[in-house]
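For reference, the chains in residue letters:
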Amino acid sequence: MRIALSHRHTAALLFIAASAIGNSANAHTSAESHIHNSFLSGLAHPLFGLDHLAAMVAVGLWSALAARSAGRDLLWGPVGFAAMLLVGAVLGLQGVALPAVEPMIAASLLVTGLLVVSRLRVPGLVAALGVGVFAVFHGVAHGYELAGSDSAWLTLAGMLTATVLLHSAGLAAGWALRHCHVWPARAAGASVAMLGGALLAQMA
């Protein structure tokens, strides 16, 4: 039974990672990804903006893989990311433009991917603040796109809902992989890190 579970989750994780790498050139460049006018479009944006999707799933994966036990340890990273994503989105809605937003988003993939590979265990507050720094830039990118929209807050609510769902998916997959062979999680983390590295190389 453990082997079947491992194969199922491995296939899902590798599918996500492969999709992200295969579409990395399209992250934040297609016109469709910048159209936000409803809760549903906000919900869809992180799901089809593969840089955001990979980062959010990776935060959940790392949190589950590195947690000492079920409970609060699992939530520091996802809660920190979601909270600071909201802060960044509000800044973006106000027209605040931070420097190096796209490089920082790409760097977040590189860092979170390596965290998944290493299963680095840090104090909860450090985890929340660490991923939260990157989440601010994800949020600014979202909010800046929404500035001036009549339905900005409704769309932002959809984005936050998608963020929670993606964190939850990462947590569930990471928890299932905790006691399996280490290579599926490491392969997924390495794929996310390579996506981040590829995006950074494109910007160089």
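Residues numbered from 1 in each chain as written. Predicted model: local features only at pLDDT ≥ 70, side-chain atom pairs only at ≥ 80, totals over all residues. Heavy atoms only, no water.

Asks: I tried to follow the packing of helix α3 (residues 50–66) against helix α6 (residues 124–146) on my own but got confused; where do I start?
Replies: Packed helices, taken two at a time, are described by the angle their axes make and the gap between the axes. The geometry of α3 relative to α6 is characterised by a closest axis approach of 12 Å and an angle of 165° between their N-to-C directions. Looking at the two axes, α3 sits roughly antiparallel to α6. For the element pair α3 and α6, the recorded crossing hand is left-handed. Residues D51, H52, A55, M56, V59 and W62 of α3 touch α6, and the partners they reach there are A127, V131, H138 and H142. Taken together, the residues of the contact of α3 with α6 sort by class into six nonpolar, three polar and one charged. (Axes fitted to C-alpha atoms, helices over the stretch in contact; angles between N-to-C directions. Helix = DSSP H or I, 4+ residues; strand = E, 2+ residues; numbered from the N terminus. Parallel < 35°, antiparallel > 145°, perpendicular 65-115°, else oblique. Left-handed = near helix turned anticlockwise from the far one by under 90°. Contact = heavy atoms within 4.5 Å. Nonpolar A, V, L, I, M, F, W, Y, C, P; charged D, E, K, R; others polar.)

Asks: What exactly am I supposed to notice about helix α5 (residues 101–118) here?
Replies: Count 3.6 residues to each turn of an α-helix, and residues three or four apart come out pointing the same way. When the terminal C-alpha atoms of α5 are compared, their 26 Å separation across 18 residues agrees well with the 26 Å that a helix rising 1.5 Å per residue should span. Within the span of α5, buried status applies to V101, I105, A106, A107, S108, L109, T112, G113, L115 and V116. Close packing links the buried residues of α5 with α3, α6 and α8 (183–203). At the C-terminal side of α5, R119 shows a positive phi close to 55°. (Expected span 1.5 Å × (residues − 1). Buried < 20%, exposed > 50% of the residue type's maximum accessible area, 1.4 Å probe, protein only.)

Asks: Help me out: how do you make sense of a nonpolar patch on the surface in this one?
Replies: Nonpolar side chains collect at one region of the surface, where M84, V87, L91 and V96 lie side by side and expose about 250 Å² of accessible area between them. Relative to the helices and strands, L91 is located in helix α4 (residues 76–93). What makes L91 partly exposed here is its relative accessible area of 32%. (Patch = residues over 30% accessible without salt bridge, like charges linked within 9 Å, V, L, I, M, F, W, Y side chains within 5 Å. Areas by Shrake-Rupley, 256 points an atom, 1.4 Å probe, with all protein chains shown as cover. Salt bridge = Lys/Arg side-chain N within 4 Å of Asp/Glu carboxyl O.)

Asks: Sorry if this is basic, but what is going on with α3 here?
Replies: With 17 residues, α3 extends 24 Å from end C-alpha to end C-alpha; this agrees with the ideal 24 Å at 1.5 Å per step. With 17 of 17 residues buried, α3 is to be regarded as a mostly interior element.

Asks: Whenever I open this one, the packing of helix α2 (residues 39–48) against α3 confuses me. Can you help?
Replies: Axis separation between α2 and α3 bottoms out at 5 Å; the angle between their running directions is 80°. Relative to α3, α2 is oriented roughly perpendicular. Residues H45, P46, L47 and F48 of α2 touch α3, and the partners they reach there are L50, H52, L53 and M56. The residue inventory of the contact of α2 with α3, partitioned by class, reads six nonpolar, two polar and no charged.

Asks: How should the side chain of H142 be read in this particular structure?
Replies: Relative to the assigned elements, H142 resides in helix α6. Since its relative accessible area comes to 1%, H142 is described here as buried. Beyond its immediate sequence surroundings of up to four residues, H142 is in contact with H45, H52, M56, L85 and M159.

Asks: Teacher, can you tell me more about the environment of H52 here?
Replies: Position of H52 among the secondary structure elements: in helix α3. Since its relative accessible area comes to 0%, H52 is described here as buried. In this structure the C-alpha to C-alpha distance between H52 and S108, which are 56 residues apart in sequence, comes to 9.4 Å.

Asks: Please explain the nonpolar core as it appears in this structure.
Replies: The nonpolar side chains of a soluble globular protein tend to be buried, and buried together. Counting residues in each nonpolar core, the largest one holds 30 residues, and the members touching the most others are L61, W62, F81, L109 and V116. Only α3, α4, α5, α6, α7 (152–177) and α8 provide two or more residues apiece to this core. Looking at this core element by element, the count peaks at twelve residues for α3. Those residues in contact with W62, other than ones at most four positions away along the chain, are L115, V116, R119, L120, V122, A127 and V131. (Core = buried A, V, L, I, M, F, W, Y, C linked by side-chain atoms within 4.5 Å.)

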